[in-house]
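What follows is each chain in one-letter form.
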Amino acid sequence: MHENLVIVESPAKAKTIEKFLGKGFVVTSSMGHIRDLEKKDFGIDIENKFNPRYIVSPDKKKVVAELKKLAKGAEMVWLASDEDREGEAIAWHLKEVLKLKPENTKRIVFHEITKEAITRAVENPRSIDVNLVNAQQARRVLDRIVGFEVSPVLWKKVEPSLSAGRVQSVAVRLIVEREREIRNFKSESWFRVNGFFLAPDKNGKIIELKAELSKKFKTWEEANTFLEKCKTAEFNVDDVVKKPGKRSPAAPFTTSTLQQEASRKMGFSVSQTMAVAQKLYESGKITYMRTDSVNLSGLAINTAKQKITSLHGEKYVKIRKYKTKAKGAQEAHEAIRPTYMDTESVAGTSQEQRLYELIWKRTIASQMADAKLEKTTVSISISNAAEKFVASGEVLIFDGFLRVYIESTDEENSNGTGLNGQAIIPPLKTNDKLQLTSAVATERFSQRPARYTEASLVKRLEELGIGRPSTYAPTITTIQNRNYVVKEERTGDERKYIVLSLKNNEITKQTKSEITGAEKNKLSPTDIGTVVNDFLVDNFDLIMDYNFTASVEAEFDDIADGKKVWNEMLDKFYKPFHGRVENALKNAERSNGERILGEDPKTGKPVSVKIGRYGPFAQIGVVSDEEGAEKPTFASLRGGLNLETITLEEALELFKLPRDLGEYEDKKVVVAIGRFGPYVRHDSKFVSLNKDYDPFTVELETAIELIEAKREKDRKAIISVFDEEPELRVLNGRWGPYISYKKKNYKIPKTTKAEELKLDDCLKIIKEAPEPKPRRGRKK
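Calculation rules
- Residues numbered from 1 in each chain as written.
- Predicted model: local features only at pLDDT ≥ 70, side-chain atom pairs only at ≥ 80, totals over all residues.
- Heavy atoms only, no water.
- Patch = residues over 30% accessible without salt bridge, like charges linked within 9 Å, V, L, I, M, F, W, Y side chains within 5 Å.
- Areas by Shrake-Rupley, 256 points an atom, 1.4 Å probe, with all protein chains shown as cover.
- Salt bridge = Lys/Arg side-chain N within 4 Å of Asp/Glu carboxyl O.
- Helix = DSSP H or I, 4+ residues; strand = E, 2+ residues; numbered from the N terminus.
- Buried < 20%, exposed > 50% of the residue type's maximum accessible area, 1.4 Å probe, protein only.
- Pairing = 2+ DSSP bridges.
- Axes fitted to C-alpha atoms, helices over the stretch in contact; angles between N-to-C directions.
- Contact = heavy atoms within 4.5 Å.
- Phe/Tyr/Trp six-rings, centres within 6.5 Å; stacked < 30°, edge-to-face > 60°.
- Lys NZ or Arg CZ within 6 Å of the ring centre and 35° of its normal.
- Core = buried A, V, L, I, M, F, W, Y, C linked by side-chain atoms within 4.5 Å.
- Polar contact = N/O pair within 3.5 Å; in protein donor to acceptor, adjacent residues only side chain to side chain.
- Expected span 1.5 Å × (residues − 1).
- Parallel < 35°, antiparallel > 145°, perpendicular 65-115°, else oblique.
- Left-handed = near helix turned anticlockwise from the far one by under 90°.
- pLDDT = per-residue confidence, 0-100.

1. A look at a nonpolar patch on the surface
- Judged by side-chain polarity, Val395, Ile397 and Ile424 come together as a nonpolar surface patch covering roughly 270 Å² of accessible area.
- For isoleucine 424, the position within the fold is in the loop between β9 (385-398) and β10 (433-445).
- Judged by relative accessible area, isoleucine 424 falls into the exposed class, the value being 53%.

2. Description of the sheet that holds strand β17 (residues 615-620)
- Taking strand neighbours across the sheet as the criterion, the 4 strands line up as β15-β16-β17-β18 in an open arrangement whose pairing is antiparallel. Of all strands in the sheet, those bounded by a partner on one side alone are β15 (595-599) and β18 (633-636). Taken over all neighbouring pairs, the strand axes of this sheet differ in orientation by 25° on average, direction set aside.
- As defined by bridge partners, strand β16 (residues 606-612) adjoins β17 across 6 bridges and the pair is classed as antiparallel. From the neighbouring strand, lysine 610 faces β17, where its bridge partner is phenylalanine 617.

3. Thoughts on the environment of threonine 257
- Within the secondary structure, threonine 257 sits in helix α8 (residues 255-266).
- Residue contacts for threonine 257: discarding those within four places in its chain leaves Pro252 and Arg362.

4. Concerning the packing of aromatic side chains
- All chains considered together, the criterion is met by 12 aromatic pairs.
- Ring centres 5.5 Å apart and planes at 65° place the aromatic pair phenylalanine 197 and phenylalanine 235 in the edge-to-face group. With phenylalanine 197 in strand β5 (residues 189-200) and phenylalanine 235 in strand β7 (residues 235-247), this pair connects stretches of sequence that are 38 residues apart.
- Between phenylalanine 617 and phenylalanine 634, the ring centres sit 5.6 Å apart and the planes meet at 70°, which makes this aromatic pair edge-to-face. Taken together, the residues span a long stretch of sequence, with phenylalanine 617 in strand β17 and phenylalanine 634 in strand β18 at a distance of 17 residues.
- Among the residues examined, phenylalanine 634 registers a relative accessible area of 48% and is labelled partly exposed.
- Ring pairing ties together the aromatic residues Phe197, Phe217, Phe226, Phe235 and Phe389, which thus form one cluster.
- Against the face of tyrosine 546 rests arginine 173, its NZ or CZ located 5.0 Å from the ring centre.

5. Quick word on the pairing of strand β12 (residues 493-503)
- As defined by bridge partners, β10 adjoins β12 across 5 bridges and the pair is classed as antiparallel. Residue pairing in the sheet places alanine 439 in a bridge with leucine 502 of β12.
- Taken together, the 11 bridges between β12 and strand β13 (residues 506-516) define a ladder with antiparallel strand orientation. Following the sheet pairing, leucine 500 is matched in β13 by lysine 509.
- Linkage of β12 to β13, two consecutive antiparallel strands, is achieved through a turn of 2 residues, within which asparagine 504 is found at a positive phi near 55°.

6. Let's talk about unusual backbone geometry
- With omega at 0°, the peptide bond leading from leucine 657 into proline 658 counts as cis.
- At aspartate 666, a residue that is not glycine, the phi angle is positive and equals roughly 65°.
- Checked against the element boundaries, aspartate 666 lands in the loop between β19 (659-664) and β20 (667-674).
- On the basis of relative accessible area, aspartate 666 is assigned to the exposed category, the value being 72%.
- Residue lysine 742 is not a glycine yet carries a positive backbone phi of 50°.

7. A closer look at the nonpolar core
- Within the largest apolar cluster, 132 residues are counted, with the highest numbers of intra-cluster contacts made by Phe110, Leu355 and Phe540.
- Looking at which element gives the most residues to this core, the answer is helix α5 (residues 130-157), with 9 residues.
- Beyond its immediate sequence surroundings of up to four residues, phenylalanine 110 is in contact with Lys13, Ile17, Ala80, Glu83, Ala117, Ile118, Ala121 and Tyr281.
- Core analysis: the next-biggest nonpolar cluster, separate from the first, contains 30 residues, Ala211, Ala223, Ile380 and Ala385 among them.

8. Concerning the side chain of threonine 255
- Tracing the backbone through its elements, the reader meets threonine 255 in helix α8.
- Its relative accessible area of 1% is what places threonine 255 among the buried residues.
- Within the structure, the side chain of threonine 255 is placed 2.8 Å from the backbone oxygen of methionine 289, a separation counted as a polar contact.
- What threonine 255 contacts, discounting residues up to four positions off in sequence, is Met274, Met289, Arg290, Thr291, Ile336 and Pro469.

9. Notes on the pattern of salt bridges
- Enumeration according to the criterion identifies 52 salt bridges in this entry.
- The partner of glutamate 553 in a salt bridge is arginine 166, and the shortest N-O contact between them spans 3.3 Å. Within this pair, whereas glutamate 553 is found in helix α15 (residues 546-560), its partner arginine 166 is found in the loop between α5 and α6 (168-184), the two being separated by 387 residues in sequence.
- With a relative accessible area of 0%, glutamate 553 lands in the buried category.
- Note on arginine 166: relative accessible area 2%, which makes it buried.
- Taking the shortest distance from any N to any O, the salt bridge between glutamate 463 and arginine 460 comes out at 3.3 Å.

10. Some points on α6
- A rise of 1.5 Å per residue sets the reference length of α6, with its 17 residues, at 24 Å; its end C-alpha atoms lie 25 Å apart and thus fit the reference within 8%.
- Among the 17 residues that make up α6, 12 are buried, leaving the element largely enclosed by the rest of the structure.
- Along α6, the residues that are buried comprise Gln168, Ser169, Val170, Ala171, Val172, Arg173, Leu174, Ile175, Val176, Arg178, Glu179 and Ile182.
- Next to the buried residues of α6 lie α12 (454-464), α13 (472-481), β11 (485-490), β14 (519-525), α14 (527-539) and α15.

11. Notes on the sheet that holds strand β24 (residues 729-733)
- Pairing is antiparallel in the open sheet, where 4 strands are placed in the order β23-β24-β25-β26. For this open sheet the edge positions go to β23 (718-721) and β26 (744-747), each flanked by a neighbour on one side alone. Between one strand axis and the next, the sheet turns by 30° as a mean value, whatever way the strands run.
- Helix α19 (residues 759-768) contacts β24, β25 (736-741) and β26 of the sheet and is inclined by roughly 85° relative to β25.

12. A look at the packing of α8 against helix α9 (residues 270-282)
- Relative to each other, α8 and α9 sit at 115°, their axes nearing to 9 Å. Here α9 runs roughly perpendicular to α8, going by the angle between their axes. At the point where α8 passes α9, the crossing takes the right-handed sense. Along the contact surface, α8 presents Thr255, Leu258, Gln259 and Ala262, while α9 presents Val270, Thr273, Met274 and Ala277.

13. Some remarks on the side chain of serine 524
- Note on placement: serine 524 falls in strand β14.
- Of note is the side chain of serine 524, whose polar atom sits 3.3 Å from the side chain of glutamate 488.
- Residues within four places of serine 524 in sequence aside, it is in contact with Ile175, Glu179, Arg451, Tyr484, Val485, Val486, Glu488 and Arg490.

14. A word on the environment of alanine 584
- Mapped onto the fold, alanine 584 is located in helix α16 (residues 566-587).
- Remark: the alpha-carbon pair of alanine 584 and valine 153, spanning 431 residues in sequence, is separated by 7.2 Å.
- The contacts of alanine 584, once residues within four sequence positions are left out, are Val153, Lys157, Asn539 and Phe540.

15. What about the confidence of the model for the protein?
- Per-residue pLDDT for the protein averages 87, and the proportion of residues at 70 or more is 92%.
- Within the protein, the lowest mean pLDDT, 76, falls on strand β2 (residues 25-29), and the highest, 96, falls on helix α11 (residues 350-365).
- Low pLDDT, under 50, characterises residues 32-58; the stretch is placed with 77 contacts to residues that sit more than four places away or in other chains.
- This stretch, residues 413-422, has a pLDDT under 50; its non-local contacts, to residues over four places away or in other chains, come to 9 contacts.

Printed below as a string of structure tokens:
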């Protein structure tokens, strides 16, 4: 018998909380969501000898029984799941499944795991907020309605095993539409002119001053005409303007801004950021990491002030209270910050240390003084032209918060703001004469829209009001796992540009080259993602509408505030939605993204591309039911090609495979592309070609090297063979040694040395091996 039982979600959180509670409290974890009994394992520790409360048991009934036993032996049960809607729903389901009595059950919430926060929560318990539970319930039910009803339509009308989701499908739409913007973008060029002048600095030393012409020219001829004028022109300072400037720090982190900044500064994926932040929260190092709020508590602000004063002095302190701008910010009431502001670093993995440092710096900087700048702009007149050169620069007068932290942007490669004083303007006055040493006209190009990174996609979803802090990471993970979207790197393309230079009264013209379009970790839609998106837009425009998805989030907020009834909201949505599903099943045309590219010059047959069971492919000819009709030929699309942009010439190139490279050991060597990618075939054996080898250009010599390398690898994989049973082999595999027999694999016990196994030992292991579990498939 114990006085108090505290139930939280995870063992890590339980271990941290237990440190702050006195005697009479037992802390355990439900390790998952009670409501998901049919979906996933959850449990408490019932097997660990050292602490019988933190090991997950796969036996769900046993876990529930153990939780009930613990709850029955407690005078009071404290439900301490997270403070957001999902946490509230977990608490409610625990109460229902464990049949907890209201008089013996209390709900406590806290946004940081510290002794003060836990003590305050225990002193101020509340009942379960049914409105929050209903809001979460409404989200789950609506999302399942969309997924369960639309996905079967995709199976029938596009391809089997596809899925749709209320938020995931809209996220894919954003990426598809951005890709089409990029493909349709027509770059325009112009010429930018920079002049370089000599002027004395404050010490009398002659330095170079760079200024940009106020006008851009459309053609090199126009730029050349201007440079000709500069040969005989005089240049005078027309105006000098000095203005004080400032930069203010960014607000403390929300879930969205933390995901964005961790991506920009450290290259973390969105899911990686949330996993690391979860560990920091559960170990009591940061506040709750799923929040829309930028607010800081009074205690956090005061401790930040003390820390800033001790590190940098009082002049660096400026107390700020930020207001949340995000639409429908949820009920987590504080930004993500360190639990103890005086702790600059923490123990843990490298990732945990780096993310904590980022959070600490951002929080501290938010309470620091503005950076003070002096901005100087100089206009330079040209005696024989109406245009003017303009030079501008910044000098950092007081670094303020920049001493600690500078926020990154998605355009990190753009020109800087001169915060380190690199663009220093010499002390000039009106009518000062300047000497032009050179002028350069460089051809520049308009930039196409940028593909989304995970961070910029989160930012866009938040701007549109789609999703909430808890949904960003799983949404982005899901669309990649479903192969609707891929994260890619592009090496870019070479682009020529013209440079005109005026120096020593002579103009020279050069053609230079640069790489454009190089990208890293950018999100692109796959062909199947594009086809699914187009089908959903055509047939389910309501759920694919950005405004609708955002308005649904607002309705969830209304339910959380008690302004709407959750099942009435779902009923209003379901009836018209179900009608669209029925209509799509009955009337929608089957979609495979097919495009007719033209005719094969050799046969005159049509050439097309489309989506098939194993991905996108090209086809020569048509399928006919007539007896004796010639069957079409097929070829898989190679990497870098897609249904919307592939040309007839590129498609015909694909049919050059399989290629006969010649013979090796009196047997043919053939290269081709199959379901799992390009490969070399020799003597009925296959060798995969990685991305370093192009199946259209690989030669026999290289293929032989790959064949021999594969043979060597296979030889090393063989531990034992038996003449009496040729089909039985003991092999080294990726996960350790195993037995292969009659196209089935069998595990070797860890305590057994594979190299010492005899035939009888192997047969015994095979005989005693458990029957393999049947593979789960989609229900018909």
